[in-house]
Amino acid sequence: MQRIPISTGAPYEVLVGQQLLEQAGTLIEHVVSFQKAVIVTDDKVAPLYLEKVLASFSDQYHIEVFVLPNGESSKCESELFRLFSFLCEKGLTRTDLLIALGGGVVGDLCGFAASCYLRGIPFVQIPTTLLAQVDSSVGGKTAIDLPQGKNLVGTFYQPKLVLCDTDTLNTLEPADFAGGMAEVIKYACIADRALFDTLHEPLSDERLVHIISRCIEIKAQVVAVDEHDTGLRMVLNFGHTIGHAVEKYHHYTDYTHGEAVAIGMVKILTLAAAAGYCPASFADEVEALCKLHHLPTVCDVPEEELFAVCGLDKKNAGDTIRIILLKTIGEASIVPMKHDRFRDFLKGN
Ligand SMILES: NC(=O)c1ccc[n+]([C@@H]2O[C@H](COP(=O)([O-])OP(=O)(O)OC[C@H]3O[C@@H](n4cnc5c(N)ncnc54)[C@H](O)[C@@H]3O)[C@@H](O)[C@H]2O)c1
Ligand SMILES: [Zn+2]
């Protein structure tokens, strides 16, 4: 098992390894004292893993379970308030605990509820998707969506502990696993040549623990410098400007977030190469690695529509966008570009 310290305002640890669900109760009891806990999960994860987690707590604790329908549409106001009512009904107090068992949807909603209920109660994350293990469970961002857009209401709120059990990843849909790998490739690109090279080797259980731990370390380093996302944390958005445009163009249906990020990384590097910012061979290298991990790499948003889909056409021509460019692996910079310049950049100029 790997232990990764996260040095935010309130520090905590992320544990990564196999068979952690079986030890969840003991590991949690070690870092938080509580009487009651509510496990928040979804209807796809519950039949797979809930029993294991429940069995890991000793009898002295009173554990309740709140189940969401799986999928992004649950990250909403009505499910949040259904959870608040449930917490009141069960009489949860500030010395009790919330536990998120699931992917990023469960983690974001549960974390947001934990940060608001009684002005904040302790919570623990048990992320069960690759994306949630390497990204959403670390860094303390919580949120729900509004009809007007994703993640529009949220808080910064750190968990007491994060348990990443890599055994849970065996049951993921292939597209969800591949989507998580896109974020892994993103970390390798912005920070770590050795990780990039490792991603060319066959995945074993031990290698997966190492890869996930390394991604969390990279995110932890960035978050430690910029907990509230006012500067450096932006490098984590590599591939995301165009990735978000691809998701939006496809009405959030055809590609998972990670798949769109893979397309976004390859496209931005191809454009950067065309503008002489990095060698074309670098874009090719990233494209080949994405393909190796069964990720799409072709951006099918028509070039003339890309600028508009990036959501910039409604803003003043004088406005500036900050995009993440890489000269090579590990050399990421935040590059400010006037919108007019970015429009040309997207056309390959
Ligand atoms: N807070 C942050 O910093 C941050 C960062 C990135 C993404 N996010 C958020 O994360 C969410 C996406 O996360 P996600 O991709 O984990 O989505 P998700 O939670 O919807 O999970 C994807 C699907 O996998 C299922 N699932 C989860 N674990 C499983 C397992 N072990 N085996 C089989 N199926 C399993 C879920 O039920 C769901 O159907 C988005 O809402 C996004 O906004 C947050
Ligand atoms: Zn992402």
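A quick note: this is a predicted structure, and the numbers were derived from the prediction, not measured.

A. Quick look at the overall build of the protein chain. On a plain count of helices and strands, the protein chain comes out with 13 helices and 11 strands. Against the compact-globule benchmark of 20 Å for 349 residues, the protein chain has a radius of gyration of 20 Å, which places it among compact chains. Taken over 349 residues, the protein chain has a buried fraction of 54%. In the protein chain, the share of contacts with a sequence separation of at least 24, taken over all contacts with a separation of at least 6, comes to 73%. Accessible surface computed for the protein chain: about 15,000 Å², of which carbon and sulfur atoms make up 51%. Taken together, the 29 basic and 45 acidic charged side chains of the protein chain have centroids lying 7 Å from each other.

B. Seen up close, the site of ligand 1. Surrounding ligand 1, one finds 25 residues, the nearest of these being D42, E72, T128, T129 and T171. At 3.4 Å from an oxygen atom of ligand 1 is found a side-chain nitrogen or oxygen belonging to N151. The contact in question runs from a nitrogen atom of ligand 1 to an N or O atom on the side chain of T171, over 2.7 Å. When contributions to the shell around ligand 1 are tallied by element, the ones reaching two or more residues are α2 (46-55), α4 (104-116), α5 (130-136) and β8 (149-156). Among the residues forming the shell around ligand 1, the class breakdown is six nonpolar, nine polar and 10 charged.

C. Representation of a nonpolar patch on the surface. Among the surface-exposed residues, L146, L152 and V153 lie close enough to one another that they form a single nonpolar patch of about 220 Å² accessible area. Mapped onto the elements of the fold, L146 is located in strand β7 (residues 141-146). The exposure class assigned to L146 is partly exposed, which follows from its relative accessible area of 31%.

D. Layout of the pairing of strand β5 (residues 97-102). Counting buried residues in β5 gives six out of six residues, a clear majority hidden from the surface. Judged by which residues are buried, β5 turns out to be covered on both faces: L97, I99 and L101 on one side and L98, A100 and G102 on the other are all buried. Across five bridges, the pairing between β5 and strand β6 (residues 123-127) is parallel. Bridge pairing links A100 to Q125 in β6. Following the backbone out of β5, through α4 and into the adjacent parallel β6, one traces a crossover that is right-handed.

E. Quick peek at the side chain of D108. Within the fold, D108 resides in helix α4. Residue D108 is classed as buried on the basis of its relative accessible area of 12%. With sequence-adjacent residues up to four places away left out, D108 is seen in contact with K75, S136, K141, T142, A143 and N151.

F. Geometry of the environment of L80. Structurally, L80 is set in helix α3 (residues 77-89). A relative accessible area of 3% places L80 in the buried class. Taking the C-alpha atoms as reference, L80 lies 6.7 Å from A113; in sequence the two are 33 residues apart. Not counting the four nearest positions on each side in its chain, L80 is found in contact with L109, F112, A113 and I144.

The rules behind these values
Residues numbered from 1 in each chain as written. Chains lettered and ligands numbered in written order. Predicted model: local features only at pLDDT ≥ 70, side-chain atom pairs only at ≥ 80, totals over all residues. Heavy atoms only, no water. Helix = DSSP H or I, 4+ residues; strand = E, 2+ residues; numbered from the N terminus. Rg over C-alpha atoms; globule rule 2.2 N^0.38 Å. Buried < 20%, exposed > 50% of the residue type's maximum accessible area, 1.4 Å probe, protein only. Contact = heavy atoms within 4.5 Å. Areas by Shrake-Rupley, 256 points an atom, 1.4 Å probe, with all protein chains shown as cover. Lys, Arg positive; Asp, Glu negative; His and termini not counted. Charge placed at Lys NZ, Arg CZ, Asp CG, Glu CD. Near = heavy atom within 4 Å. Polar contact = N/O pair within 3.5 Å; in protein donor to acceptor, adjacent residues only side chain to side chain. Nonpolar A, V, L, I, M, F, W, Y, C, P; charged D, E, K, R; others polar. Patch = residues over 30% accessible without salt bridge, like charges linked within 9 Å, V, L, I, M, F, W, Y side chains within 5 Å. Salt bridge = Lys/Arg side-chain N within 4 Å of Asp/Glu carboxyl O. Pairing = 2+ DSSP bridges. Right-handed = clockwise from strand over helix to strand, strands pointing away.

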